[in-house]
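Given next are the chains, with one letter for each unit.
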Amino acid sequence: MSLMFGNTEVEIEGNHAVKELLMDEYSLLKSDKSKNTQVRFNFQTGRLKPEEDSLTVDDLEMGKLYLKGNTIRIIRDSGSSFISKLEHFIGSTFWDISLNEHPYDSNKLEVEVFCDPNAIPEPFWRKAMHSALKKVNWSYSSRIEMTTENITYNVIEPILHVYMLKNSQTFLHSSGVVSDSEDAILFTGWGGVGKSSACVQLVNHGDWKYLADDVIIINANGEAYCYPKKVLLYGYNTEGNSNLEEKLLKNDLINRLSWNLRKKILGGAKVRRRISPALLFGRDKIGTKGKISKVFYLLRSNSGKSSAQEITSEEIAERSVSVIAYILKEFCEVVNAIHAVNPKNPSLEEVLEKNKLIYERAFKNSECYLYYVPHNATPPKVIEGIERYIK
């Protein structure tokens, strides 16, 4: 079964258990109308070896880079030191990647991901330990969960981001909502500025439907597509919203005690939960796509009042491409290294410039705002100010 990332058809297959968790993560993107698979991710168990006579680049955050012809391989070093072995024993994971060609130049991209064979199957004692740790800290992830999350952020999203550029489609670090008339509103900006809070408040207390929480897919025609990964909510996202906290914690006493205790001791930024948007909002509150009508770039401010100023699509595109470059910084380093080895491949500047042009075209016919959010503003107060501009 295919997954539709905007208008890009993707298949996820293989024999490693991470495949099933990924299919669950992207379950709302499933489509049985397969036409032409453009990107295929194949998840295998084991390690990848470099090809002979490969050109290499060491010391990258993602691992060692090997280039031979059009083939690109990234092999992570699991480490041989005592500390590395200890980290691996208690749960750190690794994966290796092989691409048949550069995603920016590919028409049909084949990506093989070789995953840690120790992530599964897990012995009884480790499963028991995971279960006990979950009861104490519900943010805790098992080894297979950690592998899946890391692959989502560090493999699937960066590779698709670069691949989709040639089709004038890309990821934006943004939350988004859509109306019944298919008007989409996006909230972009740096992490922790209130993007998720704005989205959740509008969907829970208005006539809006959910499109995305963390990153959203947009194209140069100004369309925004639903990207329904599990919603990651922190303690500060529930401030002033007891109904949201009820949905998140359900009727689990231990879960609630753990949440309240960690929130009180460590603060709202140190406690979090992940939940399917269909469970959080209801399936009927999940949108599909919309035309971008307004874009808010959120900034935290020391001022006691929220305020907004209209800006150009070029300015919001400039700001947004800096954010996405930071979010995908490890893969940006890989793009740079590939170009350094073979300048026929696109440079990072070329990739980011293409990205910026898509943002500019996507926002060209939209109202664009720089919106200042007071540091002490609760989620209801954040959306109270924004609602003046979206009615």
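Computed from a predicted structure; not experimentally measured.

1. Some remarks on the pattern of salt bridges
- Evaluated as defined, the whole model comprises 13 salt bridges.
- Between Glu-11 and Arg-40 there is a salt bridge, with the nearest N and O atoms lying 3.4 Å from each other. On the criterion of sequence distance, the pair formed by Glu-11 in strand β2 (residues 8-14) and Arg-40 in strand β4 (residues 39-45) is long-range, its members being 29 residues apart. Each member of the pair, Glu-11 as well as Arg-40, is classed as buried.
- For Lys-289, the salt bridge goes to Glu-223, with nearest N and O atoms at 3.6 Å. With Lys-289 in strand β18 (residues 289-301) and Glu-223 in strand β15 (residues 223-225), this pair connects stretches of sequence that are 66 residues apart.
- For Lys-289, a relative accessible area of 33% translates into the label partly exposed.
- Here the salt bridges do not stand alone but share partners, grouping Glu-11, Glu-13, Arg-40 and Glu-110 into one network.

2. A few points about the sheet that holds strand β1 (residues 2-5)
- Spatially, the nine strands line up as an open sheet ordered β3-β1-β2-β4-β9-β8-β7-β6-β5, and their pairing is mixed. The open sheet terminates on both sides in strands that have one partner only, identified here as β3 (30-31) and β5 (55-60).
- Relative to strand β6 (residues 63-68), β5 is paired through four bridges, and the arrangement is antiparallel. Within β6, the position partnered with Val-57 by the bridge is Leu-65.

3. Thoughts on the environment of Glu-353
- Within the secondary structure layout, Glu-353 lies in helix α11 (residues 348-363).
- We classify Glu-353 as partly exposed; its relative accessible area is 38%.
- Distance in space between the C-alpha atoms of Glu-353 and Glu-318 is 9.6 Å, their sequence separation being 35 residues.

4. Things to note about a nonpolar patch on the surface
- A surface patch of nonpolar side chains, about 300 Å² in accessible area, is lined by Trp-190, Tyr-326 and Ile-327.
- Topologically, Ile-327 is positioned in helix α9 (residues 313-327).
- The exposure class of Ile-327 is partly exposed, given its relative accessible area of 39%.

5. As for the nonpolar core
- Counting residues in each nonpolar core, the largest one holds 108 residues, and the members touching the most others are Phe-41 and Phe-363.
- Setting aside residues up to four positions removed in sequence, Phe-363 forms contacts with Leu-172, Leu-186, Ile-218, Ile-292, Val-295, Ser-313, Ile-316, Ala-317 and Cys-368.

6. Considerations on the confidence of the model for the protein chain
- On average, residues of the protein chain score 85 in pLDDT, and 88% of them reach the 70 mark or higher.
- Predicted confidence for residues 80-92 stays below pLDDT 50, and this span has 20 contacts to residues more than four positions away or in other chains.

7. Structural notes on the packing of aromatic side chains
- Enumeration over the complete set of coordinates arrives at 14 aromatic pairs.
- With a centroid separation of 5.9 Å and an interplanar angle of 40°, the aromatic rings of Tyr-26 and Tyr-227 are classed as tilted. Within this pair, whereas Tyr-26 is found in the loop between α1 (18-25) and β3, its partner Tyr-227 is found in the loop between β15 and β16 (231-234), the two being separated by 201 residues in sequence. Each member of the pair, Tyr-26 as well as Tyr-227, is classed as buried.
- Arranged with centres 6.4 Å apart and planes meeting at 20°, the rings of Phe-41 and Phe-43 form a pair that is stacked. Exposure class is identical for Phe-41 and Phe-43. Each is buried.
- A connected cluster of aromatic rings, assembled from ring pairs, spans Phe-187, Phe-296, Tyr-369, Tyr-371 and Tyr-389.
- Over the aromatic face of Trp-95 sits the side chain of Arg-76, whose NZ or CZ is 4.1 Å from the ring centroid.

Rules of the game
Residues numbered from 1 in each chain as written. Predicted model: local features only at pLDDT ≥ 70, side-chain atom pairs only at ≥ 80, totals over all residues. Heavy atoms only, no water. Salt bridge = Lys/Arg side-chain N within 4 Å of Asp/Glu carboxyl O. Helix = DSSP H or I, 4+ residues; strand = E, 2+ residues; numbered from the N terminus. Buried < 20%, exposed > 50% of the residue type's maximum accessible area, 1.4 Å probe, protein only. Pairing = 2+ DSSP bridges. Patch = residues over 30% accessible without salt bridge, like charges linked within 9 Å, V, L, I, M, F, W, Y side chains within 5 Å. Areas by Shrake-Rupley, 256 points an atom, 1.4 Å probe, with all protein chains shown as cover. Core = buried A, V, L, I, M, F, W, Y, C linked by side-chain atoms within 4.5 Å. Contact = heavy atoms within 4.5 Å. pLDDT = per-residue confidence, 0-100. Phe/Tyr/Trp six-rings, centres within 6.5 Å; stacked < 30°, edge-to-face > 60°. Lys NZ or Arg CZ within 6 Å of the ring centre and 35° of its normal.

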